[in-house]
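Given next are the chains, with one letter for each unit.
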Amino acid sequence: DALAFACHCLLLDAGFVATDGNGNEAKGLGPDWNAGGVYCFQYRHQSSSMTYIVKMVPMDIKMVILGMPKEDPKVQQIELSIDDYVSSNDPADYSKNYQNLPMLMAVISKEVAGRLVPSTVPEPA
């Protein structure tokens, strides 16, 4: 749950807005956000009229992230090593759960947000 939650938060930080099944802005994660071992989110982005589906599938030591616009069935995929970003799963102190957050932020910004909505990738300085 920890890595999926962090990725979701980083997508929100990149300008994505979580939506419910009807396209309305979602209030919180919802009760089934982590049901069945697959994490599924739906988003809009301010610079696009499309709806984006992002699924995160943990597979042993990896997290596979799949994303696509509903209107264009071209799937983008990346793999993350869970141990690179999650150090524990302590529900009492979330600050102890994560490591290498700046690296995760860069990966999500470029490899997930940037592939779904290219205008979200900052121009090089």
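Everything quoted here is computed from the prediction, not taken from an experiment.

### Examining the pattern of salt bridges
For the coordinates displayed, the defined rule picks out one salt bridge. For R115, the salt bridge identified is with E111, shortest N-O distance 2.6 Å. Linking R115 with E111, this pair stays in helix α3 (residues 101-116), spanning four residues, or about one helical turn. Given the relative accessible area of 22%, E111 is considered partly exposed.

### A closer look at the packing of aromatic side chains
Taken as a whole and assessed by the stated rule, the structure comprises three aromatic pairs. Plain terms: the ring middles of F16 and Y43 are 5.7 Å apart, the flat faces sit at 75 degrees to each other, and that makes the pair edge-to-face. Taken together, the positions of F16 in strand β1 (residues 16-18) and Y43 in strand β2 (residues 39-45) put the pair 27 residues apart, joining distant regions of the chain. As far as burial versus exposure is concerned, F16 and Y43 are alike and both buried. Residues F16 and Y52 carry aromatic rings whose centres are separated by 5.7 Å and whose planes lie at 80 degrees to one another, so their mutual orientation is edge-to-face. Of this pair, F16 sits in strand β1 while Y52 sits in strand β3 (residues 51-59), and the two are 36 residues apart along the sequence. Overall, F16 belongs to the buried group, its relative accessible area being 3%. The exposure class of Y52 is buried, given its relative accessible area of 1%. Among the aromatic residues, ring-to-ring pairing joins F16, F41, Y43 and Y52 into one connected group.

Parameters at a glance
Residues numbered from 1 in each chain as written. Predicted model: local features only at pLDDT ≥ 70, side-chain atom pairs only at ≥ 80, totals over all residues. Heavy atoms only, no water. Salt bridge = Lys/Arg side-chain N within 4 Å of Asp/Glu carboxyl O. Helix = DSSP H or I, 4+ residues; strand = E, 2+ residues; numbered from the N terminus. Buried < 20%, exposed > 50% of the residue type's maximum accessible area, 1.4 Å probe, protein only. Phe/Tyr/Trp six-rings, centres within 6.5 Å; stacked < 30°, edge-to-face > 60°.

Keep in mind these values describe shape, not function.
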